[in-house]
Amino acid sequence: LARRLRDGGAEAPLLIFPAGESSKTRETKSALEDELFGLGIDRHAAIVAVGGGVTGDMAGFIAATWHRGIPVVQVPTSLLAMADAALGGKTAVDLPGGKNLVGAFHQPTALYADVATLGTLPEAEFVSGFAEVVKSAGIRDARFFSWLEGSVGPLLDRDPEALEHAIGRCLEIKGRVVVRDEREAGTRAILNFGHTVAHAIEAASGFTIRHGDAVAIGMVFEARLAVDATGLPPAHARRLERLLGDLGLPVTWPESLDLDEVVAATHRDKKSRHGRARYALPRGLGRMLPGDEVTVDLDDETLRDVLDGRAK
Ligand SMILES: NC(=O)c1ccc[n+]([C@@H]2O[C@H](COP(=O)([O-])OP(=O)(O)OC[C@H]3O[C@@H](n4cnc5c(N)ncnc54)[C@H](O)[C@@H]3O)[C@@H](O)[C@H]2O)c1
Ligand SMILES: [Zn+2]
């Protein structure tokens, strides 16, 4: 890509940082900014983010603050980034105690997703990306959900047509939500289904569990919460769990994790208000709570019961 840009007459220096969530830090951002300064990059430049969600969040946040903001072009190369992270304008870095706590809204000028790049994505990373795909269907589109249930084979075989359909549908769904509520004043919070528990799992694991894997586990347990809290039909919760399992995603509690730590971590979630954890819960496959108040708060005991496997 850099060569093509140079062939087209652009200067295209390449900045690289170590892969992984552990790099999504203020320290990496500072180091990259020092490099930009050394290269003499001014406010007439644009940043092209080529990589997974970590790269997109990092490059997007640097672009948001470099000379008070320069354009960013997202070129996602992981399934998770194509289907979710690269669109919507959320950029951030993590603090040691919590994910995405320092960041900015900065919409990409353009987004190019080429499924051919997924050919080299390691299997575990590929599979984890399906969590956000299932989430998109689960919050907005029961027909897409059924299509996913019938397309597990081709999707796992990385069939380009199946992947393009799935990613395209996710981008349409997310695009529509973000256009209605860019800054998450209300309805955008539906994109957080599964994420209250997921972020708590990630924090309690010291960020060693992949985001997508944590989202899959988070959706399974939040769907169980939804059965009582919003009247989600238990059969819908079971279909969700089955589809995630069929796609090779984790659906059970990681034994290494301390339950109390996870429950405590739900309070550090950005949605948390007045000390009560909040959840974006579906009331049916493809249907979230209507209106602007799309999250509900639940007490710790309710969560603990479900995590403990004591609730149905
Ligand atoms: N901004 C948002 O709205 C948003 C939404 C969801 C997730 N996220 C963030 O995205 C991150 C997770 O993204 P991710 O799952 O892409 O993880 P990642 O960026 O860490 O990528 C996963 C791994 O795959 C490698 N990789 C990426 N593309 C590859 C390719 N084509 N071939 C070979 N290797 C490749 C990466 O180098 C990395 O080792 C998290 O930090 C999460 O918070 C952001
Ligand atoms: Zn996510």
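Scope of this entry: the structure provided in the associated data block. Residue numbers here run from 1 along each chain, matching the order of that chain's written sequence. Chains and ligands are labelled by the order in which they are written, letters from A for the one and numbers from 1 for the other. In keeping with the predicted nature of the model, local features appear solely for residues at pLDDT of at least 70, side-chain atom pairs appear and are counted solely at 80 or more, and the whole-chain, interface and lining totals rest on all residues. Computation of side-chain values covers all heavy atoms of the structure but excludes hydrogens and water.

**Here we look at the overall build of the protein**
Move 1: Under the scheme used here, helices are H or I runs from DSSP no shorter than 4 residues and strands are E runs no shorter than 2 residues, and both carry numbers assigned from the N terminus. Within the protein one finds 13 helices and nine strands.
Move 2: To get the radius of gyration, use the C-alpha atoms; to get the globule rule, take the number of residues to the power 0.38 and multiply by 2.2 Å. Radius of gyration (C-alpha) of the protein: 19 Å, near the 20 Å computed for a compact globule of 312 residues.
Move 3: The principal-axis extent of the C-alpha atoms belonging to the protein is close to 60 × 45 × 40 Å.
Move 4: Each residue is placed in one exposure class: buried if its accessible area under a 1.4 Å probe, protein chains only, is under 20% of its type's maximum, exposed if it is over 50%, and partly exposed if it falls in between. Counting only residues that meet the buried cut, the protein has 52% of its 312 residues in that class.
Move 5: When contacts within the protein are restricted to residue pairs at least 6 apart in sequence, those whose partners lie at least 24 apart make up 71%.
Move 6: In the form shown here, the protein has an accessible surface area of approximately 14500 Å², with 52% of it arising from carbon and sulfur atoms.
Move 7: Charge assignment in this entry is limited to Lys and Arg as positive and Asp and Glu as negative, and neither His nor the chain termini are counted. By convention, the point assigned to a charge is CZ for Arg, NZ for Lys, CD for Glu and CG for Asp. Positive and negative charge centroids in the protein, built from 36 and 44 side chains respectively, lie 5 Å apart. The contact criterion used throughout is that any non-hydrogen atoms of two residues lie within 4.5 Å. Note on areas: Shrake-Rupley with a 1.4 Å probe; residue coverage comes only from the protein chains shown.

**Overview of the site of ligand 1**
Move 1: Any residue with a heavy atom positioned within 4 Å of a molecule or strand is treated as near that molecule or strand. Every one of the 23 residues lining ligand 1 counts as a neighbour, but Glu21, Thr77, Ser78, Lys99 and Thr120 are closest to it.
Move 2: Identification of polar contacts relies on pairs of N or O atoms within 3.5 Å, with a donor-acceptor requirement for protein atoms, meaning one able to donate a hydrogen and the other able to accept it, and with residues adjacent in sequence counted only if both atoms are side-chain atoms. The contact in question runs from an oxygen atom of ligand 1 to an N or O atom on the backbone of Gly53, over 2.8 Å.
Move 3: At 2.9 Å from a nitrogen atom of ligand 1 is found a main-chain nitrogen or oxygen belonging to Thr117.
Move 4: In the complex, the protein chains occlude 81% of the 860 Å² of accessible area that ligand 1 would expose alone.
Move 5: Breaking the shell around ligand 1 down by element, the ones donating at least two residues are helix H3 (53–65), helix H4 (79–85), strand S4 (98–105) and helix H5 (123–140).

**Structural notes on helix H8 (residues 160–180)**
Move 1: A helix's residues, less one, multiplied by 1.5 Å, set its expected span. Between its first and last C-alpha, H8 extends 30 Å over 21 residues, near the 30 Å set by a 1.5 Å rise per residue.
Move 2: Looking at H8, one finds that the buried residues are Ala162, Leu163, Ala166, Ile167, Arg169, Cys170, Ile173, Lys174, Val177 and Val178. An end-on view of H8 places all buried positions within 160° of arc, on one side of the element. Away from its buried face by more than 90 degrees, H8 exposes Glu161, Glu164, Arg176, Val179 and Arg180.
Move 3: Close packing links the buried residues of H8 with H4, H5, helix H6 (142–150) and helix H7 (152–156). This arc corresponds to the set of directions leading from the helix axis out to the C-beta atoms.

**Considering the coordination of the zinc ion (ligand 2)**
Ideal donor angles around a metal are set by the shape: a four-donor tetrahedron calls for 109.5 degrees, a six-donor octahedron for 90 or 180 degrees.
Move 1: Sites may look incomplete because water is not among the atoms; the donors themselves are N, O and S atoms within 2.8 Å of the metal, or within 3.2 Å for Na, K and Ca. Binding of the zinc ion (ligand 2) to the protein goes through Glu132 (OE), His195 (NE2) and His211 (NE2), at separations of 1.9 to 2.1 Å.
Move 2: Each donor residue of the zinc ion (ligand 2) lies on one chain, and together they are spaced E-x62-H-x15-H. Here Glu132 is found in helix H5, whereas its partner His195 is found in helix H9 (residues 195–204), with 63 residues between them in sequence.

**With respect to unusual backbone geometry**
In terms of backbone geometry, most residues other than glycine have negative phi values and most peptide bonds are trans.
Move 1: Even without glycine at this site, Arg68 takes up a positive phi of about 65°.
Move 2: By the secondary structure assignment, Arg68 is in the loop between H3 and strand S2 (72–76).
Move 3: With a relative accessible area of 81%, Arg68 lands in the exposed category.
Move 4: Backbone geometry places Glu184, a non-glycine residue, at a positive phi of 60°.
Move 5: On the secondary structure map, Glu184 appears in the loop between H8 and H9.
Move 6: Residue classification places Glu184 among the partly exposed positions, given a relative accessible area of 23%.

Purely spatial values, then, with no claim about function.
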